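Notes for the structure review
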There are 2 protein chains.
Amino acid sequence: MIRSYDPRTGETVGDPIPPTTAAEADAIVRAAHAAGRAWRATPGAERPGGDGPSRARVLEAVADALDKNVEELWRVADAETALGEVRLRGEVARAAGQFRLFAAVLRDGGHVEAVIDHATAQPPVPDLRRMNRPLPGVVGVYAASNFPFAFSVAGGDTASALAAGCAVVVKGHDGHPRTSALCAEVIRAALPDEALLGLVWGREAGGCLVRHPDVVGVGFTGSIPGGKAIQAMIDERPDPIPFYGELGSVNPVVVLPSARREGLAEGFAASLTLGVGQFCTNPGLLFVPEDAGLLVSLAEAVAATTGGPMLTARMREGFLHELERLSALDRLAEGRPGEGAYAVTPQLFTIGLEAFAAALPRVAEECFGPAGVVVTYRDPAALPAVLERLDGSLTATVHATDPAEAEEVAEVLTRKAGRVIWNGWPTGVAVRWAMHHGGPWPSSTAPAHTSVGAAAIRRWLVPTSYQDWPAELLPPELRDDNPLGVPRRVDGTLTL
Amino acid sequence: MIRSYDPRTGETVGDPIPPTTAAEADAIVRAAHAAGRAWRATPGAERPGGDGPSRARVLEAVADALDKNVEELWRVADAETALGEVRLRGEVARAAGQFRLFAAVLRDGGHVEAVIDHATAQPPVPDLRRMNRPLPGVVGVYAASNFPFAFSVAGGDTASALAAGCAVVVKGHDGHPRTSALCAEVIRAALPDEALLGLVWGREAGGCLVRHPDVVGVGFTGSIPGGKAIQAMIDERPDPIPFYGELGSVNPVVVLPSARREGLAEGFAASLTLGVGQFCTNPGLLFVPEDAGLLVSLAEAVAATTGGPMLTARMREGFLHELERLSALDRLAEGRPGEGAYAVTPQLFTIGLEAFAAALPRVAEECFGPAGVVVTYRDPAALPAVLERLDGSLTATVHATDPAEAEEVAEVLTRKAGRVIWNGWPTGVAVRWAMHHGGPWPSSTAPAHTSVGAAAIRRWLVPTSYQDWPAELLPPELRDDNPLGVPRRVDGTLTL
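Residues numbered from 1 in each chain as written. Chains lettered and ligands numbered in written order. Predicted model: local features only at pLDDT ≥ 70, side-chain atom pairs only at ≥ 80, totals over all residues.

**A closer look at the overall build of chain A**
Assigned secondary structure in chain A consists of 14 helices and 21 strands. Along the first, second and third principal axes, the C-alpha set of chain A runs to 75 × 60 × 45 Å. Across the 496 residues that make up chain A, the buried fraction comes to 58%. Within chain A, counting contacts between residues at least 6 apart in sequence, those at least 24 apart form 75% of the total. (Helix = DSSP H or I, 4+ residues; strand = E, 2+ residues; numbered from the N terminus. Buried ≥ 20, exposed ≤ 12 C-beta atoms within 10 Å, placed from the backbone. Contact = placed C-beta atoms within 7 Å.)

**Let's talk about the relation of the copies chain B and chain A**
Superposing chain B onto chain A takes a rotation of 180° combined with a translation of 0.0 Å along the rotation axis, leaving an RMSD of 0.0 Å. Such a turn and shift between the copies fits a two-fold axis. The C-alpha atom lying nearest the rotation axis in chain B is that of B:Leu496; the distance is 4.1 Å. When the interface residues of chain B are mapped onto chain A, 100% of them are again interface residues, pointing to one common binding face. (Least-squares fit on C-alpha atoms with pLDDT ≥ 70 in both.)

**Comments concerning the interface of chain B and chain A**
Taken together, the contacts link 60 residues of chain B with 61 residues of chain A. Every element with two or more residues in the side of chain B that touches chain A is listed here: β3 (114-117), β4 (128-134), α8 (224-236), α14 (403-416), β18 (417-422) and β19 (461-467) of chain B. With 7 residues, the top contributor of residues to the side of chain B that touches chain A is β19(B). Here the residues of the side of chain B that touches chain A are counted per class, giving 34 nonpolar, 13 polar and 13 charged. (Nonpolar A, V, L, I, M, F, W, Y, C, P; charged D, E, K, R; others polar.)

**Things to note about helix α3 (residues 70-81) of chain A**
Residue and element names in this part refer to chain A. Across its 12 residues, α3 extends 16 Å between first and last C-alpha, which sits within 8% of the 16 Å expected from 1.5 Å per residue. Buried-residue contacts for α3 involve β1 (2-5), β2 (12-17), α4 (85-108) and α6 (177-190). Two residues or fewer after α3 comes alanine 82, characterised by a positive phi angle close to 60°. (Expected span 1.5 Å × (residues − 1).)

**As for the sheet that holds strand β9 (residues 243-246) of chain A**
Residues and elements named next belong to chain A. Across the sheet, 5 strands lie side by side as β7-β6-β5-β8-β9; this open sheet has parallel pairing. On the outer flanks of this sheet lie β7 (197-200) and β9, each paired with one strand and no other. On average, adjacent strands in this sheet sit at an angle of 15° to one another, irrespective of strand direction. Pairing geometry for strand β5 (residues 138-142) and strand β6 (residues 167-171), over 5 bridges, is parallel. For valine 138, the partnering residue across the bridge sits in β6 and is alanine 167. Contacts from helix α7 (residues 203-211) reach β5, β6, β7 and β8 (215-221) within the one sheet, and its direction differs from that of β6 by about 150°. (Pairing = 2+ DSSP bridges. Axes fitted to C-alpha atoms, helices over the stretch in contact; angles between N-to-C directions.)

**A look at the pairing of strand β9 (residues 243-246) of chain B**
All names here are of chain B. With burial as the criterion, each face of β9 is covered, one bearing Phe243 and Gly245 and the other bearing Tyr244 and Glu246. Judged from the 4 bridges that link them, strand β8 (residues 215-221) and β9 form a sheet pairing that is parallel. Bridge assignment links phenylalanine 220 to a residue of β9, and that residue is glycine 245. At this point the chain moves from β8, through α8, to the parallel β9, and the crossover so formed is right-handed. (Right-handed = clockwise from strand over helix to strand, strands pointing away.)

**Description of the sheet that holds strand β16 (residues 371-377) of chain B**
The 12 strands lie next to each other as β21(A)-β20(A)-β3(A)-β4(A)-β19(A)-β18(B)-β17(B)-β10(B)-β11(B)-β16(B)-β15(B)-β13(B), forming an open sheet whose pairing is mixed. The open sheet has two edge strands, β21 (493-495) of chain A together with β13 (330-334) of chain B, and neither has a second partner. When the angles between neighbouring strand axes are averaged without regard to direction, this sheet yields 20°. Seen against the sheet, helix α10 (residues 292-303) of chain B touches β11 (285-289), β13, β15 (347-352) and β16 of chain B and runs at an angle of roughly 50° to β13(B).

**Section: the packing of helix α2 (residues 55-68) of chain A against α4(A)**
Residue and element names in this part refer to chain A. Remark: α2 packs on α4, axes separated minimally by 8 Å, with the N-to-C direction vectors making an angle of 170°. It follows from the interaxial angle that α2 and α4 lie roughly antiparallel. Pair α2 / α4 crosses with left-handed handedness. In contact with Arg55, Ala56, Leu59, Glu60, Val62, Ala63, Leu66 and Asp67 of α2, α4 contributes Val92, Ala95, Ala96, Phe99, Arg100, Phe102, Ala103, Leu106 and Arg107. Per-class residue counts for the contact of α2 with α4 are 12 nonpolar, no polar and 5 charged. (Parallel < 35°, antiparallel > 145°, perpendicular 65-115°, else oblique. Left-handed = near helix turned anticlockwise from the far one by under 90°.)

**What to know about the pairing of strand β11 (residues 285-289) of chain A**
On a regular strand, one side chain projects to one face of the sheet and the next to the other, so that they alternate. All names here are of chain A. Of all 5 residues in β11, 4 are buried; the element is thus mostly enclosed. As paired strands, strand β10 (residues 252-255) and β11 are joined by 3 bridges and run parallel to one another. Residue pairing across strands places proline 252 opposite leucine 285, the latter belonging to β11. Handedness of the β-α-β unit built from β10, helix α9 (residues 264-273) and β11 comes out right-handed. Pairing analysis gives 5 bridges linking β11 to strand β16 (residues 371-377), with the strands arranged parallel. Residue pairing in the sheet places leucine 286 in a bridge with valine 374 of β16.

**Remarks on α14(B)**
Residues and elements named next belong to chain B. Counted at 1.5 Å a residue, the expected span for α14 with its 14 residues is 20 Å, and the 19 Å between its end C-alpha atoms agrees. At valine 409, α14 shows its maximal kink, close to 45°. Those residues of α14 not exposed but buried are Ala406, Val409, Ala410, Val412, Leu413, Thr414, Arg415 and Lys416. (Bend = angle between axes of the 7 residues up to and from the residue.)

**Brief notes about the domain arrangement of chain A**
Residue and element names in this part refer to chain A. Domains assigned within chain A are domain 1 (2-247 + 447-478) and domain 2 (252-422). Between the C-alpha centres of domain 1 and domain 2 there is a distance of 33 Å. Across the contact, 11 residues belong to domain 1 and 13 residues belong to domain 2. By residue class, the composition of the side of domain 1 that touches domain 2 is 3 nonpolar, 6 polar and 2 charged. (Domains from an automatic or database assignment.)

**Describing the packing of helix α9 (residues 264-273) of chain B against α10(B)**
All names here are of chain B. Where α9 contacts α10, the axes come no closer than 8 Å and their chain directions differ by 40°. When the axes of α9 and α10 are compared, the pair comes out oblique. Between α9 and α10 the crossing geometry is right-handed. On the side of α9, the interface is formed by Ala265, Glu266, Phe268, Ala269 and Leu272, while α10 contributes Ser297, Leu298, Glu300, Ala301 and Val302. Taken together, the residues of the contact of α9 with α10 sort by class into 7 nonpolar, 1 polar and 2 charged.

**Comments concerning the confidence of the model for chain A**
Per-residue pLDDT for chain A has a mean of 97; in total, 100% of the residues score no lower than 70. With a pTM of 0.97, the predicted complex shows an ipTM of 0.97. (pLDDT = per-residue confidence, 0-100.)

**Topic: unusual backbone geometry**
Residue and element names in this part refer to chain A. In the segment running from leucine 360 into proline 361, the intervening peptide bond is cis, with an omega of 5°. On the secondary structure map, proline 361 appears in the loop between α12 (353-358) and β16. The linkage connecting tryptophan 441 with the following residue, proline 442, adopts the cis geometry, with an omega of 0°. Tracing the chain through its elements places proline 442 in the loop between β18 (417-422) and β19 (461-467). Here the phi dihedral of aspartate 468 falls at roughly 50°; this positive angle occurs in a residue that is not glycine. Of note, aspartate 468 is situated in the loop between β19 and β20 (488-490). Judged by the 14 C-beta atoms lying within 10 Å of it, aspartate 468 falls in the partly exposed class. Of note in this structure, aspartate 491 is not a glycine but carries a positive phi near 50°.

**Let's talk about the environment of B:Asp491**
All names here are of chain B. Topologically, aspartate 491 is positioned in the loop between β20 (488-490) and β21 (493-495). For the pair aspartate 491 and aspartate 117, spaced 374 residues apart in the sequence, the C-alpha separation amounts to 4.6 Å. Setting aside residues no more than four positions away along its own chain, aspartate 491 makes contact with Asp117 and His118.

**A word on the environment of A:Pro177**
Residues and elements named next belong to chain A. Turning to its location among the elements, proline 177 is positioned in helix α6. A count of 23 C-beta atoms within 10 Å places proline 177 in the buried class. Spatially, the C-alpha atom of proline 177 lies 9.0 Å from that of alanine 77, the residues being 100 residues apart in sequence. Apart from the residues lying within four places of it in its own chain, the contact partners of proline 177 are Ile2, Ser4, Ile17 and Gly172.

What follows is the structure, given as structure tokens:
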């Protein structure tokens, strides 16, 4: 059974949810696939001034429904995540904002990447028109634990896949079953067909999802072993399908000698411990010059933080296990213990650059939770070779006042991470057009793609080229009159 | 040893090439990686009116070098492929054209997909700028047998990866070793550093390429077992990398009752037997109404074709083996035997729609070579359910005069193939902006991507987002003054 637990008490909340059987999962996927046919055929956007149905309008209705139900949503989520009202209200708003962003993406139409090459007589070349269309089936989504709204049933994978024109079946995360069920209910009420969003529970049902012939792509946010297990199942399919997994990120931060020290330690400590260190983007590695004063401020800043309950008992166990690995390093500071059954205490360790390099790669693995490693260096010229050996991350950050000083470090980090940050902190992922939330393995299994921001829709789109195709059968985006007014590349020239 | 054979005689040509040892392959990849650093830093395009170095200029120099050496290239290729002067001259021109298209892509700049979201004060959101950049390392390419120029050392994978800013190491195809070596020599002479294009030989070296830590992506055109073997090697890497494989395609053609019959049989026979049936896009399945006259014309048209030598002894064996499988069907026609040691004879089989459906999926597997299956149907309404069961293809074709009649069939086929063709034939892949040469498994392992046309460069690009990044360290495409004049999306609006 899937049980909901209160991280503050460790007690169960509400009734348990039975795991979905294979037969039930199959029926849910089939129903989603059937509902997906009409959804796929629904225009992404209404014609300018028109009032027909569109996927954009539905996404906006979903966003409105999430906003409207925020009171109940945050309370249900708080009871099983202990993330608190402010964070959870903010996250519902963010989830709603994601649906609205994808509505804007659909209205813009740039995501279909319409291209028209007219026929030429000499040399004789046919008329060719290309655009992106939804993957032809159901998208399977493994919900994440750490954002019960923004990376779960109501999250970016669901929003982007629905926007693309795909039905979605989510494998819910055991960490917030009641929130998941409520989100599914709220979203379904705003969909033209409630079967467009399926929800299954348990490991077996998750496997059914990945193996199901109607499932055409999988999104996942979770651990490296979890991601590898899904890839292995996909490889065994008669038709391996695209897999978009986000598997872990250590998010290095490099403080160069020219960096302003003011607020540095406090900023780091706040980013390290945000969400009890359960963000994908908490900074797990901080490279700083050898500077006793700076180490003292870092120690003081982390000592001033307070821990809190992690989301699940299992995540707490995982964190404590990873801490054992880090305990081989020097302990620099410990925060105040948090309260609650699943509470953990922020931890800060330190090691010199040479010893760090000698202990790679294990020393640089992600420790999911509020623990970080401060790596001290004497000579900044030694940094690039060590940074070069880090695994891929979602983010990498540079603190400096002199861009010239940062040039070499920046060159390495822009190859190691999908998002690079100057004099800031990696937590806080803006849902915008320019966001890239991805990077080299293990931060993503598909480094060309993002799970956050407007481009996330691309994961669920595939191009089709139409050769000499009759206008009657062309999608409107490729018809000569361009009724939806999408940007197009015509005979090699981008036109608006 | 890698030996070159003349398909007309079966005799060896020239000296054998020793397989590349693991140590040699490692050194070649490392040299490519080292050369790649400067290449990656070379601007894609020169500034308008500027005269600095650019990758676009180098690609144009490569194209010129291929054109200039066409005499020697086609002769060397003909001696080991027997494809003939006209085809091979045309293919050199096509390969050169691919390099020129990617130069145009770099000058246009749309491929970097530059996006700028300015900071906002309320809510407080940082400045975020995103663009595509080269995969950070060497691209490994497995050359195909069937296009010794356009899908081999001088092919689209090499051209698109160099355009993206990556060094390339090709695992040469045994079917045309001397052509491969000559192409590498010709291209290298036009590159700023000859190590930017490596060439290795043999299965072991191919494995080294896929497993090498400096290799960041692999392109492949070949068989399903070959593609699966590469995916398995990639899965075992500590950092699995993107894999773009094109593994096979049966390219169904559906003739609807309204189709014009004039020229139909001749068009099909020509497309079926083009290049001795060794194109990725030869039409292997033809669905036609039950019509004795049409079957007679198809039989006559194929009987009037002449076979020829396949590219290698192994491909001939493979073809003959697949023919055994098809010989369970009724034989409709046989072409005239071709001449030469590796010659095969065009073959046409037929089966009714119900029997075909009962024999799926085996009956619809690709038979690489000049053999096709004509599937006869009584009721066109029975077609969609059968077409639905086909594997993915690069192309699907409809012959009809009435678009309304084709609506349902077209809906299915546009989900089953990457390119759909109206009243034409699938052979002939135009190297253009609107081309999509990909599709669902097994036609591609990455259905969102194409191996031909302008968008092929995307396979070797990954986005980076720059948050509050100093202008001095931003790529020119993301600087406020946009010195390269690339199209950009600014605060959500596409601007030219």
